[in-house]
Amino acid sequence: MISSYRDLHVWQRAMELAEATYKLANELPPYETYRLGQQLRRSAVSVVSNIAEGHGRAHRGDYLHHLSISRGSLAELQTQLELASRLHASSVEQALSLADEVGRMLTTLMKRLRPSP
């Protein structure tokens with residue numbers, strides 16, 4: 001039974017993604033701390049935060065809207081992870097794998113929340 005956003009598997013995996021992203025951002029060279037590192041952190045936090053905020057809204061449409069924002073932030077994060085992989089980081093694969101999984105989970109949740117025709 002889902003009584004809190006913390007019970008959502010997608011939120012749990014998105015939290016793991018945020019943790020992995022923070023660890024990865026800490027591995028970047030110092031000159032990237034306030035560039036790519038900050039963007040990585042911001043995007044990861046947006047993914048998980050919008051899942052939680054949407055769940056806390058009173059209307060299904062608001063929930064779907066926040067899940068859509070989360071999915072957009074996830075695409076942004078995946079792009080930044082890819083850039084980090086190409087430029088610097090060697091441990092991006094775990095975060096990219098988690099990002100793919102969270103994306104699939106968000107899509108499934110959104111489909112389930114949409115009214116059937």
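This text follows the structure it describes.
Numbering of residues starts from 1 in every chain and runs along the sequence as written. Residues qualify for local features only when their pLDDT is at least 70, as the model is predicted, and side-chain atom pairs are given and counted only at 80 or more; totals for whole chains, interfaces and linings, by contrast, use all residues. Values reported for side chains reflect all heavy atoms of the structure, with hydrogen atoms and water molecules removed beforehand.

Draft legend 1. Broad picture of the overall build of the protein. Runs of E in the DSSP output that reach at least two residues are strands. Runs of H or I that reach at least four are helices, and both are numbered from the N terminus. Regarding its fold elements, the protein presents four helices and zero strands. In the protein, the succession of α and β elements from N to C terminus is α-α-α-α. Summarising its shape, the C-alpha atoms of the protein cover approximately 50 × 20 × 20 Å along the three principal directions. Every residue pair with non-hydrogen atoms within 4.5 Å of one another is taken to be in contact. At a minimum sequence separation of 6, the contacts of the protein that also span at least 24 residues come to 68%. For the accessible areas, the method is Shrake-Rupley and the probe is 1.4 Å, while residue cover comes only from the protein chains on display. Accessible surface, the protein: about 6,900 Å² in total, of which carbon and sulfur atoms supply 51%.

Draft legend 2. Seen up close, the pattern of salt bridges. Put simply, a salt bridge is a Lys or Arg side-chain nitrogen that is within 4 Å of an Asp or Glu carboxyl oxygen. A complete count under the given rule lists four salt bridges for this structure. We note a salt bridge from R13 to E16, for which the minimum N-O separation is 2.4 Å. Taken as a pair, R13 and E16 lie in helix α1 (residues 9–27) at a separation of three residues, close to a single helical turn. For the salt bridge of E53 with R57, the shortest nitrogen-to-oxygen distance reads 2.6 Å.

Draft legend 3. Representation of helix α2 (residues 33–56) within the structure. The span you would expect from a helix comes to 1.5 Å times its residue count less one. Compared with an ideal rise of 1.5 Å per residue, which puts 24 residues at 34 Å, α2 spans 32 Å between its outermost C-alpha atoms and is within 8% of the ideal. As for α2, its buried residues are in contact with α1, α3 (60–87) and α4 (92–113).

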